[in-house]
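Tertiary structure, described
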Amino acid sequence: MDIADIAILPQLCVNGLIAGAIYSLPAVGFSLIYATNRFLHLAHGSVMMAGGYFLYFFFRMWHLPFIIASLAAIFGATALGALVFFAVYRPLRQKQGSNVVMLIASAGLLIFFHGLATLCFGADVKIVDVFDVAQGINILGALITPLQLFIIGISLLLLALVALFMKYTSYGRLIRAVADHSDLAQMSGINAHRVQAWSFVLASAIAGAAGVLVSLERNVEPAQGVGFAVISFTSTIIGGVGSIPGAIVGSYLIGLSENLGLWVFPSGYKEAIWLMMLFIFLLVRPTGIFGVEQGTRKTNI
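For the structure given in this document, a descriptive report is provided here. (Residues numbered from 1 in each chain as written. Predicted model: local features only at pLDDT ≥ 70, side-chain atom pairs only at ≥ 80, totals over all residues. Heavy atoms only, no water.)

**Quick word on the overall build of the protein**
Going by this rule: Numbered from the N terminus, helices here are DSSP runs of H or I no shorter than four residues, and strands are runs of E no shorter than two. In this setup the radius of gyration rests on C-alpha atoms only. A globule is expected at 2.2 Å times the number of residues raised to 0.38. Relative accessible area decides the class of each residue, using a 1.4 Å probe on protein chains only: under 20% of the type maximum gives buried, over 50% gives exposed, and in between gives partly exposed. Should any heavy atoms of two residues lie within 4.5 Å, those residues are counted as being in contact. Per-residue and other accessible areas follow the Shrake-Rupley method at a 1.4 Å probe size, with only the shown protein chains counted as cover for residues. Just so you know, the count uses Lys and Arg for positive and Asp and Glu for negative, and it drops His and the chain ends. Every charge is mapped to an atom, namely NZ of Lys, CZ of Arg, CG of Asp or CD of Glu.
Across its full length, the protein carries 12 helices and 2 strands. Reading the secondary structure of the protein in the N-to-C direction produces α-α-α-α-α-β-β-α-α-α-α-α-α-α. In summary, the protein has a C-alpha radius of gyration of 19 Å against a globular reference of 19 Å for 301 residues, a match within 12%. Across the 301 residues of the protein, 46% fall into the buried class. Here the analysis covers contacts within the protein between residues at least 6 apart in sequence; of these, 74% occur between residues at least 24 apart. As presented, the protein carries roughly 14500 Å² of accessible surface, and 70% of it is formed by carbon and sulfur atoms. Distance from the positive charge centre (15 side chains) to the negative charge centre (12 side chains) of the protein: 18 Å.

**Here we look at the packing of aromatic side chains**
This is how it is decided: Stacked, tilted and edge-to-face are the three classes assigned to paired rings of Phe, Tyr and Trp, where Trp is represented by its six-membered ring and a pair needs centres within 6.5 Å; plane angles under 30 degrees give stacked, over 60 edge-to-face, the rest tilted.
In the structure shown here, the tally under the stated rule is 14 aromatic pairs. Ring geometry for F112 against F113: centres 5.3 Å apart, planes inclined by 65°, an arrangement best described as edge-to-face. Joined through ring pairs, the aromatic side chains of F39, F85, F86, Y89 and F200 make up one cluster.

**Some remarks on unusual backbone geometry**
Of note, the phi angle at R38 is positive, near 60°, even though the residue is not glycine. Within the secondary structure, R38 is located in the loop between helix 2 (9-37) and helix 3 (44-61). Phi angles above zero are rare outside glycine, and Q96 is one such case at about 60°.

**So, the environment of G108**
Among the secondary structure elements, G108 is positioned in helix 5 (residues 99-121). Since its relative accessible area comes to 37%, G108 is described here as partly exposed. Sequence separation between G108 and V201 is 93 residues; the distance between their C-alpha atoms is 20 Å.

**A closer look at the side chain of N259**
Tracing the backbone shows N259 in helix 11 (residues 244-260). Once you skip the residues sitting within four places of it in the chain, N259 turns out to touch L12, N15, G16, A19 and K270.

**Concerning the environment of L216**
With respect to the secondary-structure elements, L216 resides in helix 9 (residues 192-218). In this structure, the C-alpha to C-alpha distance between L216 and L278, residues 62 residues apart in sequence, is 28 Å. When near neighbours in sequence (up to four residues on either side) are disregarded, L216 contacts L55, F66, V128, V130, F131, L147 and F150.

**So, the packing of helix 2 against helix 10 (residues 223-239)**
Condition: Axis definition: a line fitted to C-alpha atoms, limited for helices to the stretch in contact. Angles are taken between N-to-C directions and run from 0 to 180 degrees. Note that the term roughly parallel is reserved for angles under 35 degrees, roughly antiparallel for angles over 145, roughly perpendicular for angles of 65 to 115, and oblique for everything else. We call Asp, Glu, Lys and Arg charged. Ala, Val, Leu, Ile, Met, Phe, Trp, Tyr, Cys and Pro are nonpolar, and the rest, Gly among them, are polar.
At a minimum axis distance of 8 Å, the contact between helix 2 and helix 10 shows a crossing angle of 70°. By the criterion of interaxial angle, the relationship of helix 2 to helix 10 is roughly perpendicular. Packed against helix 2, whose contacting residues are I22, Y23, P26, A27, F30 and S31, the element helix 10 presents F228, I231, S232, F233, S235 and T236 at the interface. The class makeup of the residues in the contact of helix 2 with helix 10 is 8 nonpolar, 4 polar and no charged.

**Comments concerning the nonpolar core**
One recurring pattern in soluble globular proteins is that nonpolar side chains are buried together. The condition that has to hold: We call a set of buried Ala, Val, Leu, Ile, Met, Phe, Trp, Tyr and Cys residues a nonpolar core when their side-chain atoms join them within 4.5 Å.
By size, the foremost hydrophobic cluster in this structure holds 69 residues, and its most contacted members are I22, Y23, L55, Y89 and V128. Considering every element that reaches this core, the biggest residue donor is helix 9, with 12 residues. Among residues more than four places away in sequence, those in contact with L55 are R60, F66, A69, S70, A73, V128, V212, S215 and L216.

**Thoughts on a nonpolar patch on the surface**
The condition is simple: Here the term patch refers to residues with relative accessible area over 30% and no salt bridge, with like charges joined within 9 Å and nonpolar side chains (Val, Leu, Ile, Met, Phe, Trp, Tyr) within 5 Å. The term salt bridge refers to a side-chain nitrogen of Lys or Arg lying within 4 Å of a carboxyl oxygen of Asp or Glu.
A surface patch of nonpolar side chains, amounting to about 840 Å² of accessible area, comprises V226, V230, L275, M276, F279, I280, L282, L283 and V284. Contributing elements (two or more residues each) for the nonpolar patch: helix 10 and helix 12 (270-284). We classify V226 as partly exposed; its relative accessible area is 35%.

**Here's the deal with the packing of helix 3 against helix 10**
To keep things clear, this is the line we draw: Should the near helix be turned counterclockwise from the far one by less than a right angle, the crossing is left-handed, whereas a clockwise turn marks it as right-handed.
Remark: helix 3 packs on helix 10, axes separated minimally by 7 Å, with the N-to-C direction vectors making an angle of 135°. Regarding the angle of helix 3 to helix 10, the classification is oblique. When the axes of helix 3 and helix 10 are compared, the crossing they make is right-handed. For the pair helix 3 and helix 10, contact is made by G45, S46, M48 and M49 and by G225, F228 and A229, respectively. Residues that form the contact of helix 3 with helix 10 fall into these classes: 4 nonpolar, 3 polar and no charged.

**Observations regarding helix 11**
Put simply, the rule is: Multiplying 1.5 Å by the residue count of a helix minus one yields the expected span of that helix.
With 17 residues, helix 11 extends 24 Å from end C-alpha to end C-alpha; this agrees with the ideal 24 Å at 1.5 Å per step. Residues of helix 11 that are buried: I244, G246, A247, G250, S251, Y252, I254, G255, S257, E258 and N259. Close packing links the buried residues of helix 11 with helix 2, helix 6 (146-168), helix 10 and helix 12.

**Thoughts on the side chain of Q148**
The following threshold applies: As used in this structure description, the phrase polar contact means that two N or O atoms lie within 3.5 Å; if the pair is within protein, one of them must be able to donate a hydrogen and the other to accept it, and residues adjacent in sequence are counted only when both atoms belong to side chains.
Mapped onto the fold, Q148 is located in helix 6. Here T145 takes part through its backbone nitrogen, which lies 3.0 Å from a polar atom of the side chain of Q148. Looking at Q148, its side chain comes within polar contact range of the side chain of E217, at 3.5 Å. Setting aside chain neighbours within four positions, we find Q148 in contact with I18, L143 and E217.

Encoded structure:
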């Protein structure tokens with residue numbers, strides 16, 4: 001290993017942190033939905049993708065100011081997530097649909113939204129050119145652009161707000177109670193169904209914000225929905241299903257591993273690296289880093 005290979009290490013670490021910041025937001029929403037509703041919402045990736053397309057629509061096509069277009073995009077993604085819950089998932093639950101039925105429905109929605117985005121916007125990449133290209137800032141030998149610093153800062157801010165909401169607000173405590181045991185929460189007088197709906201709305205808003213940030217860094221394309229659904233699922237498995245801290249840690253592990261892996265493997269193996277991590281965790285520690293043992297409902301959110 002020569003000096004040039006070592007010199008690129010700080011840049012790979014920074015790239016991994018940027019990727020982790022992007023991955024962590026949809027993963028947190030994915031984990032929150034599972035913790036309260038107890039099914040895998042694969043179409044959560046499509047809600048995040050919709051946030052990017054809404055931003056493209058409002059900013060590039062309607063020429064709204066960026067702040068207004070971003071808020072409208074987040075609202076649109078939130079409304080889409082709420083529509084999916086009340087139009088698809090809630091009726092299936094009322095008809096005693098099993099988790100397998102919910103999983104099939106979520107996979108169908110993921111495919112449907114992929115096709116819908118392709119039909120409405122085409123299969124090509126849509127560029128959301130908001131900020132001018134700026135020279136990177138040298139930090140410990142790694143270059144990072146102001147846009148990337150902005151993305152990391154907003155991601156950390158949103159994660160902190162979610163943590164404060166979950167810990168210090170009455171509705172956050174209700175969500176934690178339902179996540180621990182929905183039946184006991186219902187017996188205690190908590191409207192578990194309403195809490196499940198609101199947690200779905202909150203997670204969709206987080207996904208919409210993630211879609212806005214992703215569109216700034218990586219632009220928008222229909223395949224993003226599927227890609228981020230897989231990444232969110234993998235992050236929750238690695239960090240621990242139902243654990244929001246676990247989803248964050250899992251996201252940063254994926255971001256760092258896929259970029260540090262480029263130190264050894266060609267770029268074409270990027271996805272294979274974190275998929276290998278998924279298989280290792282499923283074999284060695286299927287509960288994940290912060291997961292709980294089988295047979296208990298207590299979650300760490």
